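# Secondary and tertiary structure notes
Single-letter residue listing:
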Amino acid sequence: MKAVLPLDDAAADLATAGGKGASLARLTRAGLPVPGGFHITTEAYRTFVATFRDRILAAVAAGDTGGIPDLFAAQDIPAGIAAEIRSAYEAMGDDVPVAVRSSATAEDLPDMSFAGQQDTYLNIRGEALPDAVRRCWASLWNPRAIAYREQHGVPHDDVALAVVVQELVDADAAGVMFTANPVTGDRDETVINASWGLGEAVVGGQVTPDTVVVSAGKVTEARTGDKAVMTVRTPDGTHEHPVPEELRAAPVLDEPQALELAGLGARIEELYGAPVDIEWARRDGAFAIVQARPITRIKQRVEEWNDSLKGDYLWTGGNLGEAIPDVMTPATWSFVQLFIREAMSASTLPGFDLVGNIGGRFYMNLSVTISIARALGMQNKLGAIEQVFGKVPGGLDVPMVAVSRWDIVKRVLPMAVRIRRRVRDNLKGMRAFLAASPGQCEELRARIAATAAGPELAELWAREIEPHVVTSWRMLEAAGRQGGSTLVFTRDRLRKLAGEVDAEAMLTGVNTDGELASLGLLTGLGRLARGEISRQEFALGHGHRGPHEFEVSIPRPGEDSGWIDAQLAGLREARMDTEALLARQQEAREQAWDRFARRHPRKVARMRARVRRWNAVVRDREATRSESIRAFWVLRAFVVRAGELTGRGDELFFLPVDEILAVLRGDTAPLEKIPVRRATYEQYAALPPYPALIVGHFDPVRWAAGPDRRGDVYDARGGSAPVSDTVTGFPGAPGVVEGVARVIAGPEDGDRLKQGEILVTTLTNVGWTPMFPRAAAVVTDMGAPLSHASIVARELGIPAVVGTGNATMRLHDGDRVRVDGERGTVELLT
């Protein structure tokens, strides 16, 4: 092997010229603008260290490497090698300034860059070259390089160092370029950092460079940095000099130059077949490439799931968002969209986005809802919206949709007529559906499990699965719309006549004339604990309900014996079981009716009829909701089986249903999207829950990184009122209790709630119900009088304050608080 090779020599591979040298040889042979020079090969290094190599390895093994540079300095370069180096240097020209750069055999690899671990020497001339080469060789054994190799499992006796000697470009500007965005992983973006002078100030982090982003052949972003210093050539090497004042804030690159540089980057990426990190320099308008390496550990490219970018709207995570608390996988979101289309057909109103996906989480557009109410002259009914979705903070200006009142009326009225007809028709079959649905779902899951091939499962979807889930969701719409005004106005009327406490007591007893499905999970666990039903019977009857019941990638309680065991253990800690709580509330209800009868004897019969209607509507709504969720268990079984049949396992949760069906029918193209979708999901799932209310454009990642982020409201317009020092909300269920606050982030932490403590959390849904018997009271950030926490707390006689907005921000574990469920207040005592 030769000691010196021309820069473009085909023999300059990794073993001979090291990672950097092999890369520069490749770039030069491809015709890219690389400064001229030559390689000093690894053979030259090995010859040089042959007489003291064992002493180097012994020093490294002993952890005493301080004397290694002296070993290199004391050794002369063999005469033959020195002559080859001198000849190659003189061939470059007369006293040419060069850069002497290390190039290790374990360097610029696809999974390890070793960038900056060995040394580089700039502006070297003539007789100073041999010493610079010796110092480069010695840098293979500096503490940085040794530690890096040990961290990555690279044996020390396997490495050698080549040296690249290149003409030093006396650059007026330099920097680095990434052909994929190193922050987002976006492979459609080229990111350029640029500063004045040589590139060392940029690479070494001594300067805030300009940043230019190029995508699709144009500059999409340009930020000018405060370039305080620049690296310049001097007679004795290089030094950092202040940047002239007129250049500090001036852009280094204009748009044509940025596009030219990005074009070079595209050529290099094509050459490497992967995104690359490039060091570049510019002199008199001409660019030179001084290094290129694969980008190691590039962040996986992600998508943006963000409907807040559609306009300036007020979005709420209340109501249905409480039932869908998780970041949704693409499969779940596609099913939820179908669910919304069928169960909330008003959301398909042309020209309006009533629901959205913001960072993977479900939100509803209150701007549209309130705009429609105002257009229809229902301003005085806006309180009903709050009872469903929760409070809008005082002083928050709700942005309206930019559509005229007449246009809204023209769109809404025909849709309202269609929905009314559809609801009327579906109500006729609701009772039969509720009776048949559990058995149908069980049969569907069995038939899904029995499918033997992808096309067979796709056919089953079209023939039986989709028709069943669509019917299920249409029944939910019918049940929910049969008495919407009854739910809101019966409560208001009763409160005026009987007062807050008695009204809430009189509205309980939904379970009396038939099971309230929201309590089914809790009562089912109680029956299981008492031995009245088996685990299999519990799973069939209630195993579809849980804290994550919309998310199809998460097992249902009926599939998870560990979840059932944990809930049974929690129930054993409760002083009163569910039956005792319901009996206690029945007594309170009867006493409230007695007081009402004494006060309003002529109104008792009519009010009892209204309350029975209330209870029937609530039961129907909750029963159809339960069967809708049972349908989601069928959908989970469908995706799980699709993964089994295609051999792709849980990967299919990252495809929407139409792409899952395509894969089942043999189309593999959608599978290419899975890595990006999975990375996007994981990025959003790692963030804390987003604010309950969002106004305008919202960036979940940037919000989560902010030191002053709030969980109650985000207003892109600024000027949000400060977080209140007091904790107030809706009176969810009456009663006054003092106790220790236990702030629970999620249902998986429910075992932290001890008997008699006050449950404080962001939101609850059916999956939280097993905790309620242990709680002295319930306090939530989100929610409204018709939310899950309110309904279940009322039935069990547990005081509740819901929709506070700030409880989890103001209360901490161990705080002693007083909860007043009648006034909707939470008072911090200590």
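Residues numbered from 1 in each chain as written. Predicted model: local features only at pLDDT ≥ 70, side-chain atom pairs only at ≥ 80, totals over all residues. Heavy atoms only, no water.

The next subject is the overall build of the chain. A count of helical and extended segments in the chain gives 29 helices and 26 strands. Of all 830 residues assigned to the chain, the portion counted as buried reaches 56%. Residue pairs in contact within the chain that sit at least 24 positions apart in sequence constitute 68% of those at least 6 positions apart. Looking at the chain as shown, the accessible area adds up to about 34700 Å², and 50% of this sits on carbon and sulfur atoms. Averaging the coordinates of the 95 positive side-chain charges in the chain and doing the same for the 109 negative ones gives two points 12 Å apart. (Helix = DSSP H or I, 4+ residues; strand = E, 2+ residues; numbered from the N terminus. Buried < 20%, exposed > 50% of the residue type's maximum accessible area, 1.4 Å probe, protein only. Contact = heavy atoms within 4.5 Å. Areas by Shrake-Rupley, 256 points an atom, 1.4 Å probe, with all protein chains shown as cover. Lys, Arg positive; Asp, Glu negative; His and termini not counted. Charge placed at Lys NZ, Arg CZ, Asp CG, Glu CD.)

Once that is clear, we can look at the sheet that holds strand β25 (residues 816–820). Taken in spatial order, the eight strands make up an open sheet running β19-β26-β25-β21-β22-β23-β24-β20, and their pairing is mixed. What marks the edges here is a single partner per strand, and that holds for β19 (727–728) and β20 (730–733). Here two bridges tie β19 to strand β26 (residues 825–828), and the two strands are oriented antiparallel to one another. Bridging across to β26, threonine 728 finds its partner in threonine 825. (Pairing = 2+ DSSP bridges.)

Before going further, it helps to spend a moment on the nonpolar core. Grouped together as the largest cluster of nonpolar side chains are 87 residues, with contacts concentrated most on Phe335, Phe362, Phe632 and Phe638. Considering each element in turn, this core owes the most residues, 10 residues, to helix α17 (residues 454–481). Discounting residues that sit within four places of it in the chain, phenylalanine 638 has contacts with Phe335, Ile448, Leu457, Trp461, Ile465, Val657, Ile660, Leu661 and Leu664. One finds Ala498, Ala505, Phe730 and Ile798 within the second-largest nonpolar core, a separate group that totals 50 residues. (Core = buried A, V, L, I, M, F, W, Y, C linked by side-chain atoms within 4.5 Å.)

Let us now look at a nonpolar patch on the surface. Taken together, Leu376, Met378 and Leu413 make up a surface patch of nonpolar side chains, about 240 Å² in accessible area. Along the polypeptide, leucine 376 turns up in the loop between α13 (366–375) and α14 (382–389). (Patch = residues over 30% accessible without salt bridge, like charges linked within 9 Å, V, L, I, M, F, W, Y side chains within 5 Å. Salt bridge = Lys/Arg side-chain N within 4 Å of Asp/Glu carboxyl O.)

With respect to topology, six strands assemble into an open sheet ordered β9-β8-β7-β6-β12-β13, the strand pairing being antiparallel. Every other strand in the sheet has two partners, leaving β9 (218–223) and β13 (286–294) as the edge strands with one partner each. With strand direction ignored, the average angle separating the axes of adjacent strands in the sheet is 20°. Of the strand pairs in this sheet, strand β7 (residues 190–196) and strand β8 (residues 210–215) are connected by five bridges, and their pairing is antiparallel. Within β8, the residue paired with valine 191 across the bridge is valine 213. (Axes fitted to C-alpha atoms, helices over the stretch in contact; angles between N-to-C directions.)

Turning our attention to the packing of α17 against helix α25 (residues 657–664). Interaxial distance between α17 and α25 falls to 8 Å at its minimum, and their mutual angle equals 140°. What the angle tells us is that α17 and α25 run oblique. The segment α17 lies against α25, with Gly454, Pro455, Leu457, Ala458 and Trp461 engaging Val657, Leu661 and Leu664. (Parallel < 35°, antiparallel > 145°, perpendicular 65-115°, else oblique.)

The grouping of Arg493, Lys496, Lys603, Arg606 and Arg610 at the surface amounts to a positive patch. Inspection of the secondary structure puts arginine 493 in helix α18 (residues 484–498).

Let us look at the pairing of strand β6 (residues 173–178). By the criterion of burial, β6 is predominantly enclosed, with six of the six residues buried. Because side chains alternate across β6, one face comprises the buried residues Ala173, Gly175 and Met177, and the other comprises Ala174, Val176 and Phe178, equally buried. In this structure, β6 lies alongside β7, joined through six bridges in antiparallel fashion. Pairing of alanine 174 across the sheet is with serine 195, part of β7. Strand direction decides the pairing type here: β6 and strand β12 (residues 276–283), joined by six bridges, are antiparallel. Paired with methionine 177 across the bridge in β12 is isoleucine 278.

For the rest of this paragraph, the subject is helix α7 (residues 143–151). Among the residues of α7, Ala145, Ile146, Tyr148 and Arg149 are the ones counted as buried. Down the axis of α7, the buried side of the element spans an arc of 165°, and every buried residue falls inside it. Opposite the buried face of α7, at more than 90 degrees from it, the exposed residues are Pro143 and Gln151. Residue asparagine 142 occupies the N-cap position of α7, its side-chain oxygen lying 3.0 Å from the main-chain nitrogen of arginine 144. Residue glycine 153 follows α7 closely and has a positive phi angle near 70°. (Arc of directions from axis to C-beta. Polar contact = N/O pair within 3.5 Å; in protein donor to acceptor, adjacent residues only side chain to side chain.)

The subject of this paragraph is the pattern of salt bridges. With the rule as written, the count across this model stands at 48 salt bridges. A salt bridge links aspartate 502 to arginine 599; the nearest nitrogen and oxygen atoms lie 3.4 Å apart. Here the residue aspartate 502 occupies a position in helix α19 (residues 500–506), and arginine 599 occupies one in helix α23 (residues 578–599), the gap between them amounting to 97 residues. The partner of glutamate 622 in a salt bridge is arginine 625, with the nearest N and O atoms 3.4 Å apart. Residue glutamate 622 and its partner arginine 625 are located together in helix α24 (residues 604–646), separated by three residues, close to a single helical turn. The class of glutamate 622 is buried, set by a relative accessible area of 1%. Residue classification places arginine 625 among the partly exposed positions, given a relative accessible area of 32%. Connected through salt bridges with shared partners, the residues Arg341, Glu342, Arg422, Arg474 and Glu477 form a single ionic network.

To continue, consider the packing of aromatic side chains. Here the structure, examined in full by the defined rule, presents 21 aromatic pairs. Taking the centre distance of 5.7 Å and the plane angle of 75° together, the rings of tryptophan 280 and phenylalanine 287 count as edge-to-face. In this pair, the class of tryptophan 280 matches that of phenylalanine 287, namely buried. Between the aromatic rings of phenylalanine 339 and tryptophan 473, the centroid separation amounts to 5.5 Å while the plane-to-plane angle is 85°, which identifies the pairing as edge-to-face. (Phe/Tyr/Trp six-rings, centres within 6.5 Å; stacked < 30°, edge-to-face > 60°.)

Before going further, it helps to spend a moment on α17. Here α17 is 28 residues long and its end C-alpha atoms lie 38 Å apart, about the 40 Å a rise of 1.5 Å per residue gives. At tryptophan 461, α17 is deflected by roughly 50°, the largest bend along its length. (Expected span 1.5 Å × (residues − 1). Bend = angle between axes of the 7 residues up to and from the residue.)

All right, on to the confidence of the model for the chain then. Put simply, the chain has an average pLDDT of 88, and 95% of its residues get 70 or more. Least confident of the elements in the chain is helix α8 (residues 200–203), whose mean pLDDT is 67; most confident is α25, at 98. In the model, residues 107–116 has pLDDT below 50 throughout and makes 35 contacts with residues more than four positions away in sequence or in other chains. (pLDDT = per-residue confidence, 0-100.)

If you trace the backbone, aspartate 715 turns up in strand β18 (residues 713–715). In the structure, aspartate 715 is positioned 669 residues away from arginine 46 in sequence and 64 Å away in space, judged by C-alpha atoms. A polar contact of 2.9 Å, which involves the side chain of aspartate 715, links it to the side chain of arginine 717.

Looking at where valine 723 falls in the secondary structure, it is placed in the loop between β18 and β19. Apart from the residues within four sequence positions on either side, valine 723 is in contact with Arg710, Asp712, Asn806, Met809 and Arg810.

With respect to the secondary-structure elements, serine 371 resides in helix α13. Residues within four places of serine 371 in sequence aside, it is in contact with Met400, Val401 and Ile408.

The N-to-C vectors of α24 and α25 enclose an angle of 30°; their axes lie 10 Å apart at closest approach. When the axes of α24 and α25 are compared, the pair comes out roughly parallel. In this structure, α24 crosses over α25, and the sense of that crossing is left-handed. Between α24, through Phe638, Val639, Ala642 and Thr646, and α25, the contact on the second element is made entirely by Val657, Ile660, Leu661, Val663 and Leu664. Looking at the contact of α24 with α25 residue by residue, the class counts come to eight nonpolar, one polar and no charged. (Left-handed = near helix turned anticlockwise from the far one by under 90°. Nonpolar A, V, L, I, M, F, W, Y, C, P; charged D, E, K, R; others polar.)

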